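Architecture at a glance
Below, each chain spelled out in residue letters.
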Amino acid sequence: MATWRDATYFTEPERVALELVEAVLTPNPSGERVPDELYARVSAHYDDRAMWSLVMAIAHIGFFTPAALIAKPIPGMPPGRNYSA
């Protein structure tokens, strides 16, 4: 969601979670994607269990994004029916 920064309807915890997702999924040629300052802001809003859930949700996005780019799923079609012979 490219416009989350401009949207007015996200709470502060949602905004920091979206910032974390963006940081993780945006390539950074200088190396570090999640600076300590961002991690500290996220952990101020989420306890250990919620943080782990957030990390796992981001990990799933990170896994399924390349799979979707490769498989090019067609909305409404069951998996494995994306290609014609």
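Here, every reference points to the structure presented above.
Notes on the structure follow. (Residues numbered from 1 in each chain as written. Predicted model: local features only at pLDDT ≥ 70, side-chain atom pairs only at ≥ 80, totals over all residues. Heavy atoms only, no water.)

1. Topic: the pattern of salt bridges
Heads up, the condition is: A pairing counts as a salt bridge when a side-chain nitrogen of Lys or Arg comes within 4 Å of a carboxyl oxygen of Asp or Glu. Every helix listed is a DSSP run of H or I at least four residues long, and every strand listed is a run of E at least two residues long, numbered separately from the N terminus. For every residue, the accessible area (1.4 Å probe, protein chains only) is compared with the maximum for its type, and the residue is labelled buried under 20%, exposed over 50%, or partly exposed between those bounds.
All told, the structure shown has 3 salt bridges when counted by the stated rule. For E19, the salt bridge goes to R41, with nearest N and O atoms at 2.7 Å. Residue E19 is located in helix 1 (residues 12-25), and its partner R41 is located in helix 2 (residues 36-45); the two are separated by 22 residues in the primary sequence. A residue is classified by how much of its surface remains accessible, and R41, at 28% relative accessible area, is partly exposed. Note that R41 and E37 form a salt bridge whose closest N and O atoms lie 2.4 Å from each other. Here R41 and its partner E37 are both found in helix 2, 4 residues apart, which amounts to about one turn of the helix. The structure contains a network of salt bridges with shared partners spanning E19, E37 and R41.

2. Here we look at the packing of helix 1 against helix 2
Packed helices, taken two at a time, are described by the angle their axes make and the gap between the axes. Note the threshold: The convention used is that axes are lines fitted to C-alpha atoms, helices contributing only their stretch in contact, and that angles between N-to-C directions extend from 0 to 180 degrees. Here is the rule for handedness: rotate from the far helix to the near one, and if that takes an anticlockwise turn smaller than a right angle the crossing is left-handed, while a clockwise turn gives right-handed. In what follows, a contact means two residues having at least one pair of non-hydrogen atoms within 4.5 Å. Residues are grouped as follows: nonpolar covers Ala, Val, Leu, Ile, Met, Phe, Trp, Tyr, Cys and Pro; charged covers Asp, Glu, Lys and Arg; every other residue, Gly included, is treated as polar.
In the contact formed by helix 1 and helix 2, the axes pass within 9 Å of each other and the chain directions differ by 140 degrees. Where helix 1 crosses over helix 2, the handedness of that crossing is left-handed. Residues E12, P13, V16, E19, L20 and A23 of helix 1 touch helix 2, and the partners they reach there are L38, R41, V42 and H45. The class makeup of the residues in the contact of helix 1 with helix 2 is 6 nonpolar, 1 polar and 3 charged.

3. A short note on the nonpolar core
Selection criterion: Residues belong to one nonpolar core when they are buried, are Ala, Val, Leu, Ile, Met, Phe, Trp, Tyr or Cys, and are joined through side-chain atoms within 4.5 Å.
Core analysis: the largest hydrophobic core is formed by 11 residues, namely V16, A17, L20, V21, A23, L38, V42, Y46, M51, L54 and I58. For this core, the secondary-structure elements that each account for two or more residues are helix 1, helix 2 and helix 3 (48-71). Residues contacting L38, with those up to four places away along its chain left out, are V16, E19, L20 and A23.

4. Considering the packing of helix 1 against helix 3
As a reminder of what qualifies: Each angle is binned into one of four classes, with values under 35 degrees roughly parallel, values over 145 roughly antiparallel, values of 65 to 115 roughly perpendicular, and all other values oblique.
Look at helix 1 against helix 3: their axes get within 11 Å of each other, and the N-to-C directions meet at 40 degrees. In terms of orientation, helix 1 and helix 3 fall into the oblique class. Between helix 1 and helix 3 lies a crossing of right-handed hand. For the pair helix 1 and helix 3, the contacting residues are A17, L20, V21, V24 and L25 in the first and L54, I58, I61 and G62 in the second. The residue inventory of the contact of helix 1 with helix 3, partitioned by class, reads 8 nonpolar, 1 polar and no charged.

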